[in-house]
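# Structural description and commentary
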Amino acid sequence: HILAILVAVFFALVLGSCGQKSDKDIILDLMDRVGDHVEKKDIDSLMMYFAEDYKDFEGRDKNQTRTMISQYFLDFQGIVSHVLSTHIQDVTPTDASIQTDVLISSGGAKLFRKFVKYAGDYYRIKAKLVKRDGLWQLQYAEWALISLEDLFPESVSILKKIFPNL
């Protein structure tokens, strides 16, 4: 059920923002805060940021995604999520397409990091966001497990700062 955590990574994407920031800056700022939302396992707060017409690449809607993520939160303790880097392909006043590299692990991975240089699992998330009523919302997401070698170059740089021994 690691897929559930990947969807959760995008929950914070739909938070609005005050000030004079561009939409691109708002999206990047949101991605920097995603891990905190996942680690808190606050499903109610996270789900309010999904568009009502959300679907993932396997056809799950918003309610099915909520069930999947809730189950993942029950099954895994000590979830750790690191948003490594985000590439914004397209951004207009009403929608955006992004790709994000994410590192996900749970409590047990801490021991592995020390002994076998295992940081967790790397995922590339592709998503479509829509802006409605001034808020960015997740409308579509797909994800795939990737290798360390497939990470964006800036993701590798960030990862080396988090885990210098990798």
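In this convention, every chain numbers its residues from 1, walking through the sequence in written order. Under the rules for a predicted model, residues below a pLDDT of 70 receive no local features and side-chain atom pairs below 80 are neither given nor counted, while totals for whole chains, interfaces and linings still include all residues. Side-chain figures throughout are based on the complete set of non-hydrogen atoms in the structure, without hydrogens or water.

## Topic: the overall build of the protein
- Think of it this way: any DSSP run of H or I at least four residues long counts as a helix, any run of E at least two long counts as a strand, and we number them from the N terminus. Secondary structure assignment for the protein yields six helices and five strands.
- Residue burial is assigned from relative accessible area. The probe radius is 1.4 Å, only protein chains are included, and a residue is buried under 20% of its type maximum, exposed over 50%, and partly exposed in between. The buried share of the protein, reckoned over its 166 residues, is 44%.
- In this description, contact between two residues means that some pair of their heavy atoms is separated by no more than 4.5 Å. Within the protein, counting contacts between residues at least 6 apart in sequence, those at least 24 apart form 65% of the total.
- Per element, the accessible surface of the protein, about 8,600 Å² overall, is 52% carbon and sulfur. Values of accessible area rely on a 1.4 Å probe in the Shrake-Rupley scheme; residue burial ignores everything except the protein chains shown.

## Some points on helix α4 (residues 62-75)
- In a regular helix each residue adds 1.5 Å, so 14 residues correspond to 20 Å; α4 covers 20 Å between its end C-alpha atoms and thus fits that length.
- Inspection of α4 places Lys62, Thr65, Met68, Ile69, Tyr72 and Phe73 among the buried residues, and these make up the whole buried set. Projected down its long axis, α4 carries its buried residues within an arc of 135°, all on one side. Exposed and facing more than 90 degrees away from the buried side of α4 are Asn63, Thr67 and Leu74.
- Here a polar contact is recorded for every N or O atom pair within 3.5 Å, except that within protein the pair must consist of a potential hydrogen donor and a potential acceptor, and residues adjacent in sequence are included only if both atoms are side-chain atoms. Its side-chain oxygen at 3.1 Å from the backbone nitrogen of Asn63, Asp61 defines the N-terminal cap of α4. Given a helix with a known number of residues, its expected span is that number minus one, times 1.5 Å. Regarding the arc, it is the one traced by the directions from the helix axis to the C-beta atoms.

## Topic: the nonpolar core
- Definition used in this section: a nonpolar core is a set of buried Ala, Val, Leu, Ile, Met, Phe, Trp, Tyr and Cys residues joined via side-chain atoms within 4.5 Å. Within the largest apolar cluster, 25 residues are counted, with the highest numbers of intra-cluster contacts made by Ile27, Tyr54, Phe73, Ile98, Leu129, Trp136 and Leu138.
- For this core, the secondary structure elements donating two or more residues are α2 (23-40), α3 (43-47), β1 (50-56), α4, β3 (95-105), β4 (121-132) and β5 (135-146).
- Among the nonpolar cores identified, the runner-up in size contains seven residues, and Leu84, Ile146, Leu151 and Leu159 belong to it.

## Digging into the pairing of β4
- Two strands are counted as paired when DSSP detects at least two bridges linking them. Looking at chain direction, β3 and β4 are connected through ten bridges and run antiparallel. Residue Thr100 lies in a different strand from β4, and its bridge partner there is Ile125.
- Of the pairings in the sheet, the one linking β4 to β5 comprises eleven bridges and is antiparallel in character. The residue bridging Lys128 from the neighbouring strand is Tyr140, located in β5.
- Between β4 and β5, which pair antiparallel in sequence order, lie two residues; one of them, Asp133, sits at a positive phi of approximately 50°.

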